[in-house]
Amino acid sequence: MQFKFSENLTKYRKRCGLTQGQLAAKLNVTPQAVSKWENGSLPDSEFLPLIAHTLGISLDILFGLEEEREDTDLERMISDKIRQTPQKERADVIMQLFYAALSGYNDYKLSKVKYPAELELETYAELKTDYEGAIARLNDDLKYFCFLKIPENGVDSYTEATDAMVHLFRSLADKDAITVIHYLGSGYRNRMQSLEYISKQVSIPLEKIRTVMDNLDRLGFVWRVSADITDTPSIIYGYSYNTPLACLLVLAKSMTQYIRFRDMHIDSYTKGPFRSKAVKINEPVPEVGFWETESDESENK
């Protein structure tokens, strides 16, 4: 049992991509202690549950009393991989995982899995099926991934033209509004500013700033408080980090230009993500025959 512990400790440490020093840091022990354990010594019993948890296995597997199940705990492996990656590099790992997941939709035997490196042209990966849609920008200067699972009845009910939806796009259909969003989103958290101050910083007239900020306030993109700075109460504004808004503007940039280069393009859809009941005819479009076929039919007549 002691031999099996040392053998399995080494085996599962390496499977997790950890050096002896990295495992020691997670356990708050010295690298020399891990080295001794892997060479035949047993740790104090208090360390055993923590070792098993860190390696993602049970104590029975760690001591060789139970064989590891063949089915892989994929979620745990992904979580461990990300946690073991330095903070600044995690986004790249996530993009690689998403790209590998997209490759699973490709039925070709030689489908790509590895994330492309050193792209010179602006390149996207795209997935379009009856059940999913995804778009990813792959270049180093700005990477993103957007995945949509399409319900059987489509996305119509969630994206219907409500007054709030119309108000959102009317508010964003304004160059000054986008300028203000960029400005506010560039500052530090909880930095409060007056309309007059914002107007001077972005060189937009005060009355226009007031209109823009009122719209952003209604949409929840900024928050406002009353401040007694002078004898007259003032309203000051703070920016609310709105992830959907940032994603919407980034996606809008992709939508306004023709996507020419796709490193992975999986296109197998027969119907779009909108399944409006107003569409009465929902049958496949008739195919047009080849010229040779039509010539043969003419000769037979």
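Note that the structure is a prediction, hence the values are computed from the model and not measured. (Residues numbered from 1 in each chain as written. Predicted model: local features only at pLDDT ≥ 70, side-chain atom pairs only at ≥ 80, totals over all residues. Heavy atoms only, no water.)

(A) Layout of the sheet that holds strand β3 (residues 144-149). Read across the sheet, 4 strands follow the order β3-β2-β1-β7 without closing on themselves; strand pairing throughout is mixed. Of all the strands in the sheet, the pair left with one neighbour each is β3 and β7 (261-267). When strand polarity is set aside, the average angle formed by the axes of neighbouring strands in this sheet is 5°. Of the pairings in the sheet, the one linking strand β1 (residues 123-128) to β7 comprises 6 bridges and is parallel in character. Among the inter-strand pairings, Lys128 is bridged to a residue of β7, identified as Asp267. (Pairing = 2+ DSSP bridges. Helix = DSSP H or I, 4+ residues; strand = E, 2+ residues; numbered from the N terminus. Axes fitted to C-alpha atoms, helices over the stretch in contact; angles between N-to-C directions.)

(B) Representation of helix α4 (residues 48-55). The set of residues buried in α4 consists of Leu48, Ile51, Ala52, Thr54 and Leu55. All buried residues of α4 lie within an arc of 165° about the axis, which places them on one face of the element. A positive backbone phi angle near 75° is found at Gly56, which sits one or two residues after α4. (Buried < 20%, exposed > 50% of the residue type's maximum accessible area, 1.4 Å probe, protein only. Arc of directions from axis to C-beta.)

(C) Fine view of the pattern of salt bridges. This structure, assessed with the given rule, holds 14 salt bridges. Note that Lys128 and Asp267 form a salt bridge whose closest N and O atoms lie 3.8 Å from each other. Of this pair, Lys128 sits in strand β1 while Asp267 sits in strand β7; the two residues are 139 residues apart in sequence, bridging distant segments of the chain. Owing to a relative accessible area of 26%, Lys128 belongs among the partly exposed residues under this scheme. Under the relative-accessibility criterion, Asp267 is labelled partly exposed at 42%. The residue Asp176 makes a salt bridge to Lys208 at a minimum N-O spacing of 2.7 Å. With Asp176 in helix α9 (residues 175-184) and Lys208 in helix α11 (residues 206-219), the pair connects residues that are 32 residues apart, well separated along the chain. (Salt bridge = Lys/Arg side-chain N within 4 Å of Asp/Glu carboxyl O.)

Bear in mind that shape data such as this cannot, by itself, settle questions of function.
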